[in-house]
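Each chain, written out:
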Amino acid sequence: QVQLVESGGGLVQAGGSLRLSCVASGRGFSNLIMGWFRQPPGMDREFVATIRRAPGESDYADSVKDRFTISRDNVKNTVYLQMNNLKPEDTAVYYCGADRGYGLGHNHLTYDYWGQGTQVTVSS
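Residues numbered from 1 in each chain as written. Predicted model: local features only at pLDDT ≥ 70, side-chain atom pairs only at ≥ 80, totals over all residues. Heavy atoms only, no water.

1. A look at the environment of Asn74
Stated precisely, the cut-off is as follows: Each helix is a run of DSSP H or I of at least 4 residues and each strand a run of E of at least 2, with the numbering of both proceeding from the N terminus. Working definition: with a 1.4 Å probe on protein chains only, accessible area under 20% of the residue-type maximum means buried, over 50% means exposed, and in between means partly exposed. The contact criterion used throughout is that any non-hydrogen atoms of two residues lie within 4.5 Å.
Summarising the element assignment, Asn74 is placed in the loop between strand E7 (68-73) and strand E8 (78-83). Since its relative accessible area comes to 35%, Asn74 is described here as partly exposed. For Asn74 and Asn107, which are 33 residues apart along the polypeptide, the C-alpha to C-alpha distance reads 22 Å. Other than its neighbours up to four places away in sequence, Asn74 contacts Phe29 and Ser30.

2. Section: the pairing of E8
The line we're drawing: Strands are labelled as partners when DSSP assigns at least two bridges between them.
Summarising burial for E8: five of the six residues are buried, a large majority. Relative to E8, E7 runs antiparallel, the two being bridged by six bridges. Bridging from a neighbouring strand, Ser71 pairs with Tyr80 of E8. The antiparallel pairing of E7 with E8 creates a hairpin that spans four residues between the two strands, and Asn77 there sits at a positive phi of about 55 degrees.

3. Points about unusual backbone geometry
Pro55 follows Ala54 through a cis peptide bond whose omega is 15 degrees. Examined against the element boundaries, Pro55 turns out to sit in the loop between strand E5 (46-51) and strand E6 (58-60). Although it is not a glycine, Asp66 sits at a positive phi angle of roughly 75 degrees. Relative to the elements of secondary structure, Asp66 occurs in the loop between E6 and E7. For Asp66, a relative accessible area of 79% corresponds to the exposed category. For Asn85, which is not glycine, the phi torsion reads 50 degrees and is therefore positive. Position of Asn85 relative to the elements: it lies in the loop between E8 and strand E9 (92-99). Overall, the relative accessible area of 43% leaves Asn85 in the partly exposed class.

4. Looking at the packing of aromatic side chains
What counts here: Note on aromatic pairs: the rings of Phe, Tyr and Trp (six-membered ring only in Trp) are paired at centre separations within 6.5 Å, and the planes decide the class, stacked below 30 degrees, edge-to-face beyond 60, tilted for the rest.
All told, the structure shown has four aromatic pairs when counted by the stated rule. Note on Phe37 and Tyr111: the rings are 5.0 Å apart at their centroids and 80 degrees apart in plane angle, and the pair reads as edge-to-face. Of this pair, Phe37 sits in strand E4 (residues 33-39) while Tyr111 sits in the loop between E9 and strand E10 (113-114), and the two are 74 residues apart along the sequence. The class for Phe37 is buried, based on a relative accessible area of 1%. Each ring, one from Tyr111 and one from Trp114, has its centre 5.3 Å from the other, and the planes form 35 degrees; the classification is tilted. On the accessibility criterion, Trp114 (28% relative accessible area) is partly exposed.

Such coordinate-based values are descriptive only and should not be taken to indicate function.
Shown next, in the form of structure tokens:
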């Protein structure tokens, strides 16, 4: 069993930055695909970024490419999402997920564990 706890959300002005963290408890963190997804108000959960097992290849949604960076620390059992040049359309609840499978990590339906979510609000 894996438990995930996100932190780092908040209110920021457009153009600002935030760093989200997600700490995982339990064993085998390095063998998990880790992903960040977000759910804007009234919309479905959408893919943001994923980072796979070593060597740690990562993928991004087109909407956040070149602005967001996902990284992981397998010693601290933590995955991060550095968000720069934030835009009002980035406003959403951000969720950290863990996937035990062997896919690309783009589909939230393949994820086995989720955190509680952290709110990110970007004002214009």
